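Chain residues, written in single-letter form:
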Amino acid sequence: MNPSNPPQTAEYGGDEVSAIVLDPGYSTTRAGFAGEDAPKTLIPTYYGKYSADGQDKLIFGDDIFVTPRPGLSIHNPIGKDGIVEDWDMAEKVWEYSFTSRLTGAKPGNPFHNGLNDISADELPTDMELESEDKPLADSPLLMTEPAWNPAKAREKTIEIAMENWGTPAFYLARSGVLAAFASGKASGLVVDIGASNISITPVHDGMILKRGVQHSPLGGDYISAQIRALFKKNSPQPITITPHYLISSKTAVEAGQPPQAKYRTFAADKAPDASYRALLEERTLSEFKECVVQVWPGPNKLAATGPTGASNEEMARSSPGRPFEFPDGYNQVFGADRFRVVESLFDVKAAIPDADSPVPAPTQAQTIPELIKASLGGVDVDIRPHLLANVVVTGGSSLLYGFTDRLNHELMQLFPGPRVRISAPGNTAERRFGSWIGGSILASLGTFHQMWISKKEYDEHGANIVEKRCK
Amino acid sequence: MAAAADVRDMLDLPAEGQPRPTKKQKVVEKRPEGITRELYALLGERAPPIAINENKYKGRPKFMNKLRVRKWCMTPFANSARSDGLVLNHWQREHESIRPPAPEATQMELDETKEAGKEEAPKPQEQEYTFAKYNVKARLPQRYTDEEYNRHLKSDDWSREETDYLMDLAAEYDLRWVIIADRYDYQRHLDSEPDADAIVPAKQYRTMEQMKSRYYYIAATMLAIEHPPSEMSEAEFALHEQMLKFDPDRERDRKELAALQLNRTADEVREEAMLLEELKRITSNEQNFITERRELYSRLEVPISVGNTAMYQSSQGLSQLLQTLLQADKSKKRRSILGPEGAVPSPVSQTPTQTGALGRAETPTTNSAANNKKGSIASQTQPAVRTLTPAEEARYGVQHHERLSGGVQFRSDRAQKLTQAKSNVQTQKLAGALAELEIPVRLFMPTERVCRDFEKLIQSVNLLLDARKVSEKVESEIRVLEASKAERERRNVPENSSKDPEHPEVKTETEDGGNSMLESGAPTEGGEGETGQAGDSEAAADGAAEETPTKEDGGHKRSASVLSSVSDKSSKRQRR
């Protein structure tokens, strides 16, 4: 095998056309070139807005976390159900995701950079100028969408891509299908645990089965709300999260002792908006989820009794706790509580009640096992065993410790007959960017290039073509 | 090598062993790649537990460096699977043909070629796009015309519009029925008259079976229109038949069953697994049992020795016999005749204990059947373990003998002996009678009960045979007497003509006497007195005489069949 020889096309069926894959989510937006194994840009979908010198300014990307500017407020163009609400801002955020690192600045027109002397008659016409302004003029674009995206939103998306970004070819793929592709399956049941939503998508032969698509808002943000509720009830004293930007110095304290830190204060006119604080608190909570939170691995619910007769709660309490230190230096060991915050994803009775949480209390139908049951109920009975044998777990929140074990047990309990097999990549990046990776695979396949919606087709048929082509 | 050293020792040659071990060592411990020889020597004998060298990128082979660099260039291409002629770019090895022209071309020429290149950009190479060939569609039936639809395809259930919609979907999703059924969303009366809204038709929900049924019907019909069934090729005809035979109801039932199967509870699943396990165990047990029984049969099939046993009466003779047997055993290389305890029939004696140990899952009949053969041995080896109830004794085949004859004998042999009469003719007759009753001469399953019944049967057969012999004798006597009487009468015809009416009476008497030898003779007695009804009574007597033996025979047959059926049953049980 000689590295300077191209692989035979029959070997991998790939044909890269330097397409860009854009996978917008509620929490982060991923973008990169097709054919690569991970997205080159990963930015938060949140954007910051503040006014300086009398004009509104916007911040995109990771910059939003950095500086607590006066009056900085954080927004998200995407609604809680994963559908875009603010199209203007969504377009800007998405555009930032690929212009910032992928397409880069075009070399300026040599006629205009002031280095060349040109006679007046050689000045280019305006038309040519216009075509160069479009950021995606020479890259086909593959975008992802949730399976429940309404037709209006899809048409709006292709409109933006074609008219504002000037892409020569476009395709809109369902994120569930792509996640299945990323794990090498054309058919499967995709369980996507995202930030704002969890969704179950049955995929058959590379197409979603619309009647089986289920989603509910018990995603990462819901878990954060549960953690906040837990902190409120914490004994000996409730825990408040103070983000790093409010702390100028701290000293180490014993576990459970009140924090000793010097806080930074902002004058009322200099202080950033409350949404900025919420965003940064969310970062701490993410860290907490990564380090402490654990899903009770099963085989039964946390509230049930285990095989030995002792209650699972008891078992959870006896397992060693995990310490966590907050930005202000307060630290505590979390025992059985760390299982409790995610238990309501499977057992709604275990939800920690919190009256002033923005997230409404979940219902039984929103839990993962019920969603899967409902999803399988909506598809043909012949393919149900096949789907159960190809459960694909994806999404950043699915990285919760012990999640796949629990899901496996729940599924085995729900469906004792057929074989249940969960495929969840162990690699963190593959789990978080599942749908992006699938898009990367798809857009670099030679056989896929006949599927693109070209600019010409768009002009001919209008935005409605996306409904016909991207089924 | 050792031999060579020995030889050297013996011949006092200088030992030459030194270089050899080192050589061997070298072979064993291979120097891993990527370590210089000197460094490796420093490591000593014990190799480090971790690999020192890394897998290095090998790079291009040396000869490649001398080759000219072949360029890659961004090439536009068009996909012939597309209808809109979209041009995309990909990297490709630069071909000789599209090399830029030689450098000596003038600037103007270069510009021109560039222009030309731009124009040709959509079709830079005439060659087909590699992946275009994968653009395949499912083969769909020819679309019907209005006339064809009206003539052949009209249906009460399906409107023309909905049929069109279905066919469109089928084409769009390449007959993936799962997806078609999922996306099927036909808006009824979308553009029809408004009065349809007054009825407000409930949204019709089509199942996949309905869709399939309709589609297959259309496809089959269109196929038949295209080629009448008589002209179809074999494959086409098979397809046609298959499509016509689609039964939506059956398919629906099947799916319902599948759903039931899928939604079993954990207990049901466990039970099923258990049952399957049990079934496997039972079948394997049965297999074992059959092989064991076959082994047993092969033992029983040993021909009966007819040789003189006198030479084995003495202990010397016996030991000689043992020697010869051992010899034969060794030469056969089979399992030793002498078992661990010196008992002879090791596999046979093991079977009952094994089957007994298998526990209650075994059917009791097999136990008893297996134990029947071993009953006496079992009762001897375990004399007073527990007292058995009569039922259990019957079940396990335990029996008590008042007087036991010495030595071992097979029950089957005893049964066998019964079939051998004193004379050869008699034996053949016996065998004939048994064959008629369809009972094998060698009993299938010589259980105790079977042997007892067999004994009875043989006795009655013997009785029958004797009776037949007697009757034959008497008949022949009668014949002789009749013949002599006829002779006499012929001679006395003139004198005895007046006594004519008495003649039949005599005849019936003698006949009856002959026939009723076996019977009590009662039915014929009545006919004797009335000479007027002689013919009648004769016929009746004859009928009775004929009837009785057949009746008797029938009775025997029945008993025989009962017997055989019993033996059949027991053999069946055993088999089970």
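Residues numbered from 1 in each chain as written. Chains lettered and ligands numbered in written order. Predicted model: local features only at pLDDT ≥ 70, side-chain atom pairs only at ≥ 80, totals over all residues. Heavy atoms only, no water.

Engineer: Run through the overall build of chain A, naming residues and quoting values.
Structural biologist: Helices and strands together make up the secondary structure of chain A, namely 17 helices and 19 strands. Each of the 471 residues in chain A was classed as buried or not, and the buried ones make up 51%. Surface accessibility of chain A: about 20800 Å² in total, with carbon and sulfur atoms responsible for 51%. (Helix = DSSP H or I, 4+ residues; strand = E, 2+ residues; numbered from the N terminus. Buried < 20%, exposed > 50% of the residue type's maximum accessible area, 1.4 Å probe, protein only. Areas by Shrake-Rupley, 256 points an atom, 1.4 Å probe, with all protein chains shown as cover.)

Engineer: Would you mind going over the UniProt feature "coiled-coil region" (unreviewed entry) in chain B in detail, with residue names and values included?
Structural biologist: Per the UniProt annotation, the sites labelled "coiled-coil region" (unreviewed entry) are residues 252–286 of chain B. Segment residues 252–286 of chain B splits into 91% helix and 0% strand. End C-alpha atoms: 39 Å apart. (UniProt positions renumbered as here; feature names shortened; annotations may be inferred.)

Engineer: Report on the environment of Glu36(A), specifying residues and quantitative values.
Structural biologist: Residue and element names in this part refer to chain A. Structurally, the position occupied by Glu 36 is in the loop between strand S2 (28–33) and strand S3 (41–44). Under the relative-accessibility criterion, Glu 36 is labelled partly exposed at 27%. Taking the C-alpha atoms as reference points, Glu 36 and Val 21, 15 residues apart in sequence, are found 9.9 Å from one another.

Engineer: Tell me about the sheet that holds S3(A), residues and numbers included.
Structural biologist: All names here are of chain A. Taken in spatial order, the 6 strands make up an open sheet running S3-S2-S1-S7-S8-S19, and their pairing is mixed. Edge positions in the sheet fall to S3 and strand S19 (453–454), since each has one partner strand and no second. In the sheet, strand S1 (residues 20–24) pairs with S2 via 5 bridges, with the strands oriented antiparallel. Its bridge partner being in S2, Ile 20 is matched across the sheet by Phe 33. (Pairing = 2+ DSSP bridges.)

Engineer: Quick one: what's the story with the sheet that holds strand S5 (residues 55–59) of chain A, residue by residue and with numbers?
Structural biologist: All names here are of chain A. Spatially, S5-S4-S6 is the arrangement adopted by the 3 strands of the open sheet, whose pairing is antiparallel. With one partner strand each, in any of the chains shown, S5 and strand S6 (73–75) form the two edges of the open sheet. Here the strands of the sheet are splayed against their neighbours by 30° on average, with no regard to which way each runs. As paired elements, strand S4 (residues 47–52) and S5 share 5 bridges and run antiparallel to each other. Bridged to Ser 51 within S5 is Asp 56. (Axes fitted to C-alpha atoms, helices over the stretch in contact; angles between N-to-C directions.)

Engineer: An account of a nonpolar patch on the surface is requested, with residue identities and associated values reported.
Structural biologist: Together, Val7(B), Met10(B), Leu11(B) and Leu13(B) make up a nonpolar patch on the protein surface, roughly 420 Å² of accessible area in all. With respect to the secondary-structure elements, Met10(B) resides in helix H1 (residues 2–11). (Patch = residues over 30% accessible without salt bridge, like charges linked within 9 Å, V, L, I, M, F, W, Y side chains within 5 Å. Salt bridge = Lys/Arg side-chain N within 4 Å of Asp/Glu carboxyl O.)

Engineer: Can you explain the confidence of the model for chain A? Please cite residues and give values.
Structural biologist: Residues and elements named next belong to chain A. With 92% of its residues at a pLDDT of at least 70, chain A reaches an overall mean of 88. Per-element confidence in chain A is highest for strand S17 (residues 391–394), whose mean pLDDT is 96, and lowest for helix H4 (residues 126–133), whose mean pLDDT is 51. Predicted confidence is poor over residues 126–131, with pLDDT under 50, and the contacts of this stretch with residues over four places away or in other chains come to 3 contacts. (pLDDT = per-residue confidence, 0-100. Contact = heavy atoms within 4.5 Å.)

Engineer: An account of the interface of chain A and chain B is requested, with residue identities and associated values reported.
Structural biologist: Opposite the 46 residues of chain A that make contact, chain B presents 43 residues. In this assembly, chain A packs against chain B so that about 3500 Å² is buried in total across both faces, 57% of it on carbon and sulfur atoms. Where Lys255(B) meets Asp380(A), a salt bridge forms, and the shortest distance between an N and an O atom there is 3.0 Å. At the junction of chain A with chain B, the criterion picks out 19 residue pairs in polar contact (both at pLDDT 80 or more). (Buried area = accessible area lost by both parts, 1.4 Å probe. Polar contact = N/O pair within 3.5 Å; in protein donor to acceptor, adjacent residues only side chain to side chain.)

Engineer: Break down the pattern of salt bridges for me, citing the residues and quoting the values.
Structural biologist: Tallied over the full model, the rule gives 45 salt bridges over all chains. For Lys212(B), the salt bridge goes to Glu251(B), with nearest N and O atoms at 3.9 Å. In this pair, Lys212(B) is assigned in helix H10 (residues 208–226) and Glu251(B) in helix H12 (residues 248–262), connecting sequence segments 39 residues apart. Glu251(B) gets classed as buried once you look at its relative accessible area, which sits at 15%. Connected through salt bridges with shared partners, the residues Asp380(A), Asp382(A), Glu209(B), Lys212(B), Glu251(B), Arg254(B) and Lys255(B) form a single ionic network.

Engineer: Provide a residue-level description of helix H6 (residues 146–153) of chain B, including the pertinent values.
Structural biologist: All names here are of chain B. Buried within H6 are the following residues: Glu 148, Tyr 149 and Leu 153. Down the axis of H6, the sector holding all buried residues measures 100°, keeping them to one side. Pointing more than 90 degrees away from the buried face of H6 are the exposed residues Glu 147 and Arg 151. Summarising the contacts, the buried residues of H6 are in contact with helix H7 (160–172) and H10. (Arc of directions from axis to C-beta.)

Engineer: Could you give an account of the packing of helix H6 (residues 175–182) of chain A against helix H15 (residues 434–443) of chain A, naming the residues involved and the relevant values?
Structural biologist: All names here are of chain A. Two elements in contact, H6 and H15, have axes whose closest approach is 7 Å; the angle formed by their N-to-C orientations is 75°. In terms of axis orientation, H6 runs roughly perpendicular to H15. Counted together, Ser 175, Leu 178, Ala 179, Phe 181 and Ala 182 of H6 and Gly 434, Ser 435, Ile 437, Gly 438, Gly 439, Ile 441 and Leu 442 of H15 form the full contact between these two elements. When its residues are assigned to classes, the contact of H6 with H15 shows 7 nonpolar, 5 polar and no charged. (Parallel < 35°, antiparallel > 145°, perpendicular 65-115°, else oblique. Nonpolar A, V, L, I, M, F, W, Y, C, P; charged D, E, K, R; others polar.)

Engineer: Now, about the nonpolar core: what can you tell me, with residues and values included?
Structural biologist: Phe231(A), Ile368(A), Ile372(A), Phe403(A) and Leu407(A) are the most contacted members of the largest nonpolar core, which totals 75 residues. When residues in this core are grouped by element, the largest group, 9 residues, is from H10(B). Not counting residues within four places of it along the chain, the set of residues in contact with Leu407(A) comprises Val191(A), Phe346(A), Ile368(A), Ile372(A), Val393(A) and Ile422(A). One finds Tyr50(A), Leu141(A), Met143(A) and Leu86(B) within the second-largest nonpolar core, a separate group that totals 68 residues. (Core = buried A, V, L, I, M, F, W, Y, C linked by side-chain atoms within 4.5 Å.)

Engineer: Please give an account of the packing of aromatic side chains that cites residues and values.
Structural biologist: For any pair of aromatic rings, the description rests on two quantities: the centre-to-centre distance and the angle between the ring planes. For the coordinates displayed, the defined rule picks out 29 aromatic pairs over all chains. With a centroid separation of 5.4 Å and an interplanar angle of 45°, the aromatic rings of Tyr165(B) and Tyr186(B) are classed as tilted. On the criterion of sequence distance, the pair formed by Tyr165(B) in helix H7 and Tyr186(B) in the loop between helix H8 (177–183) and helix H9 (195–199) is long-range, its members being 21 residues apart. When its relative accessible area of 22% is taken as the criterion, Tyr165(B) is described as partly exposed. Judged by relative accessible area, Tyr186(B) falls into the buried class, the value being 17%. Arranged with centres 5.9 Å apart and planes meeting at 65°, the rings of Tyr215(B) and Tyr216(B) form a pair that is edge-to-face. Feature note: the residues Phe231(A), Phe288(A), Phe324(A), Phe326(A), Tyr330(A) and Phe334(A) constitute an aromatic cluster, connected by ring pairs. Positioned above the aromatic ring of Tyr173(B) is the side chain of Lys471(A), whose terminal nitrogen or guanidinium carbon lies 5.1 Å from the ring centre. (Phe/Tyr/Trp six-rings, centres within 6.5 Å; stacked < 30°, edge-to-face > 60°. Lys NZ or Arg CZ within 6 Å of the ring centre and 35° of its normal.)

Engineer: Help me get a handle on the packing of H7(B) against H10(B), residues and values and all.
Structural biologist: Residue and element names in this part refer to chain B. Viewed as axis vectors pointing N to C, H7 and H10 meet at an angle of 90°, and their least axial separation amounts to 11 Å. Taken together, the axes of H7 and H10 lie roughly perpendicular to each other. From H7, Thr 163, Leu 166, Met 167 and Ala 170 reach across to H10, where they touch Met 211, Arg 214, Tyr 215 and Ile 218. Taken together, the residues of the contact of H7 with H10 break down into 6 nonpolar, 1 polar and 1 charged.

Engineer: Now, about unusual backbone geometry: what can you tell me, with residues and values included?
Structural biologist: We note that Asp205(A) has phi near 55°; this positive angle belongs to a residue other than glycine. When you line up the elements, Asp205(A) lands in the loop between strand S10 (198–204) and strand S11 (207–208).

Engineer: Run through the confidence of the model for chain B, naming residues and quoting values.
Structural biologist: All names here are of chain B. The predicted model of chain B has a mean per-residue pLDDT of 70, with 61% of residues at 70 or higher. Low confidence marks residues 339–380, where pLDDT is under 50. Its contacts with residues over four positions away, or in another chain, come to 38 contacts. Our summary of model confidence lists the complex with pTM equal to 0.65 and ipTM equal to 0.84.

Engineer: Can you tell me about a positive patch on the surface, naming the residues and giving the values?
Structural biologist: All names here are of chain B. Together, Lys 429, Arg 468, Lys 469 and Lys 473 give the surface a local cluster of positive charge. If you tally residues by element for the positive patch, the top one is helix H20 (residues 448–496), at 3 residues. Here Lys 429 lies in helix H19 (residues 424–436). Look at Lys 429 and you get partly exposed, because its relative accessible area is 32%. (Lys, Arg positive; Asp, Glu negative; His and termini not counted. Charge placed at Lys NZ, Arg CZ, Asp CG, Glu CD.)

Engineer: Any chance you could break down the side chain of Thr284(A) for me, citing the residues and the numbers?
Structural biologist: As for its position among the elements, Thr284(A) is in helix H8 (residues 274–291). A relative accessible area of 6% means that Thr284(A) is categorised as buried.

Engineer: So what's going on with the pairing of S17(A)? Which residues, and what values?
Structural biologist: Residues and elements named next belong to chain A. Burial along S17 is two-sided: the residues Val 391 and Val 393 and Val 392 and Thr 394 are all buried. Where strand S9 (residues 188–193) lies against S17, 4 bridges are found, and the strand directions are parallel. Across the sheet, residue Asp 192 finds its bridge partner in S17, namely Thr 394. Pairing of S17 with strand S18 (residues 422–423), which is carried by 2 bridges, proceeds in the parallel orientation.

Engineer: Can you tell me about the environment of Gly306(A), naming the residues and giving the values?
Structural biologist: Residue and element names in this part refer to chain A. Looking at where Gly 306 falls in the secondary structure, it is placed in the loop between H8 and helix H9 (312–318). Here Gly 306 falls in the buried class, since its relative accessible area comes to 15%. Discounting chain neighbours no more than four positions away, the residues touching Gly 306 are Ser 311 and Asn 312.

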